[in-house]
Amino acid sequence: YLGSKDWIVKMSTSLPVVIGDSPFPFSVGIAACLGASNCFRYVFEDLLNGFEIDSDFEINLLKLYNINKDELADLSNISLGNFTLIGMGAIGNGFIWALSKLESVQGECTVIDHEKIEPSNLQRYCLTEEQHINLSKVDHSKQFLRNGIKKIPLEGNWNKYLKMLKNWHNKF
């Protein structure tokens, strides 16, 4: 059983866990990743050495970094500035999914990927379904970047991006 509420992630192997509403996508995303990890280990246990399913736990994401909830920055108005997302694979999909769940995010995102969505991507990418096969990963990502995020799609690889910038010394 998996669940989350605000900044808390919970898992139990025997009892349902308490869940609640939250304006933050991070705890539910982590719960989903941990659940998928346990399913993977269970399904492939014969092929894995040292296989174990996670035991019951509760993680307060704020306490991981010694953050007091009262000191937490206001997440209703986040400015990410100009940033680059290299690759719309599983991690890129998760990142865009989390951004799409935040109410008010601002910035300019350059999304770089040179591939199309393939059938083998569907089980790893949280933003894709069968009807997305053969779509450009970059074009597909645009529909999820909303709110105050300006999208700059680039179908290409890192090398093409650096050539376009003509600035090999830029700090990324």
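For the structure itself, consult the block above.
Every chain's residues receive numbers from 1 upward, in the order its sequence appears when written. Predicted model: local features are reported for residues with pLDDT of at least 70 only, side-chain atom pairs are reported and counted for 80 or more only, and whole-chain, interface and lining totals are derived from all residues. To get the side-chain values, all heavy atoms of the structure are used, and hydrogens and water are removed first.

(A) Structural context of the overall build of the protein chain. The helix and strand inventory of the protein chain stands at 5 helices and 6 strands. Written out in order from the N terminus, the α and β elements of the protein chain read β-β-α-β-α-β-α-β-α-β-α. Here the open area of atoms and residues is found with the Shrake-Rupley method and a 1.4 Å probe, where only the protein chains shown may cover a residue. With an accessible surface of roughly 11,300 Å², the protein chain has 54% of that area assigned to carbon and sulfur atoms. Secondary structure elements follow DSSP: runs of H or I of four or more residues count as helices, runs of E of two or more count as strands, with numbering from the N terminus.

(B) Region of interest: the layout of surface pockets. Volume-wise, the largest pocket comes out at about 560 Å³. Of the grid points, spaced at 1 Å and generated over the protein atoms alone, those admitting a 1.4 Å probe that cannot get out make up cavities, while open sets with protein on both sides within 12 Å along at least five of seven lines make up pockets; any residue with an atom within 4 Å of a point is treated as lining. Forming the boundary of the largest pocket are 19 residues, of which Gly29, Cys33, Ala90, Gly94 and Cys126 lie nearest the centre. Residue assignment for the lining of the largest pocket shows that the elements contributing at least two residues are helix 1 (26-43) and helix 3 (90-101). Partitioned by chemical class, the residues of the lining of the largest pocket number 14 nonpolar, 4 polar and 1 charged. Grid points are joined across faces, edges and corners, and a volume is the space filled by probe spheres set on the points. By the convention adopted, Pro, Cys, Tyr, Trp, Phe, Met, Ile, Leu, Val and Ala count as nonpolar, Lys, Arg, Asp and Glu as charged, and the other residues, Gly among them, as polar.

(C) Focus on the sheet that holds strand 3 (residues 57-60). Pairing between strands is defined by DSSP: at least two bridges between them are needed. Strand order across the open sheet formed by 3 strands is 1-2-3, with antiparallel pairing between neighbours. Either end of the sheet is taken by a strand with one partner, and the two such strands are strand 1 (2-5) and strand 3. In this sheet, adjacent strand axes meet at a mean angle of 15 degrees when their direction is disregarded. For strand 1 and strand 2 (residues 8-11), the ladder comprises 4 bridges, and the chain directions are antiparallel. Note on strand 2: the bridge partner recorded for lysine 5 is isoleucine 8. For helices, the axis comes from a line fit to the C-alpha atoms of the stretch in contact; other axes are also lines fit to C-alpha atoms, and the angle between any two N-to-C directions lies between 0 and 180 degrees.

(D) Main features of the side chain of serine 136. With respect to the element layout, serine 136 can be found in the loop between strand 5 (105-113) and helix 4 (137-142). Contacts are residue-level and defined by heavy atoms, with any inter-residue pair within 4.5 Å sufficient. Residues within four places of serine 136 in sequence aside, it is in contact with Glu115, Lys116 and Glu155.

(E) Layout of a nonpolar patch on the surface. Surface patches are drawn from residues lacking salt bridges whose relative accessible area is over 30%; two like charges belong together within 9 Å, two nonpolar side chains (Val, Leu, Ile, Met, Phe, Trp, Tyr) within 5 Å. For salt bridges, the criterion is a side-chain nitrogen of Lys or Arg within 4 Å of an Asp or Glu carboxyl oxygen. Together, Phe40, Tyr42, Val43, Phe44, Leu47, Leu48 and Ile53 make up an exposed nonpolar region whose accessible area comes to about 710 Å². Within the element layout of this structure, leucine 47 appears in the loop between helix 1 and strand 3.

(F) How the structure looks around the nonpolar core. Note on terminology: a nonpolar core comprises buried Ala, Val, Leu, Ile, Met, Phe, Trp, Tyr and Cys residues joined through side-chain atoms within 4.5 Å. Exposure is judged per residue with a 1.4 Å probe applied to protein chains only, and the accessible area is read against the type maximum: over 50% gives exposed, under 20% gives buried, and values in between give partly exposed. Core analysis: the biggest nonpolar cluster contains 15 residues, and Ile96, Leu99, Cys109, Val111, Leu145 and Ile149 have the highest contact counts within it. Counting only elements with at least two residues in this core, the list comes to strand 4 (78-86), helix 3 and strand 5. Residue contacts for isoleucine 149: discarding those within four places in its chain leaves Leu80, Phe83, Val105, Gln106, Gly107 and Cys109. Core analysis: the next-biggest nonpolar cluster, separate from the first, contains 6 residues, Trp7, Val9, Phe24 and Ala31 among them.

(G) Spotlight on the pattern of salt bridges. Throughout the structure, instances matching the rule amount to 6 salt bridges. Between glutamate 115 and lysine 137 there is a salt bridge, with its nearest N and O atoms 2.8 Å apart. Taken as a pair, glutamate 115 in the loop between strand 5 and helix 4 and lysine 137 in helix 4 lie far apart in primary sequence, 22 residues in all. A relative accessible area of 36% places glutamate 115 in the partly exposed class. According to the relative accessible area criterion, lysine 137 is buried, its value standing at 4%. Between aspartate 139 and lysine 142 there is a salt bridge, with the nearest N and O atoms lying 3.4 Å from each other. Placement of both aspartate 139 and lysine 142 in helix 4 is noted, with a separation of 3 residues, approximately one turn of the helix. Judged by relative accessible area, which is 38%, aspartate 139 ranks as partly exposed. Under the relative-accessibility criterion, lysine 142 is labelled partly exposed at 33%.

(H) Spotlight on the packing of aromatic side chains. Classification of ring pairs uses Phe, Tyr and Trp, with its six-membered ring standing for Trp, and accepts pairs whose centres are within 6.5 Å; under 30 degrees between planes counts as stacked, over 60 as edge-to-face, and the remaining range as tilted. In the structure shown here, the tally under the stated rule is 4 aromatic pairs. Pairing tryptophan 7 with phenylalanine 26 gives two aromatic rings, centres 5.8 Å apart and planes at 10 degrees, and the pair type is stacked. Placement of tryptophan 7 in the loop between strand 1 and strand 2 and of phenylalanine 26 in helix 1 is noted, with a sequence separation of 19 residues between them.

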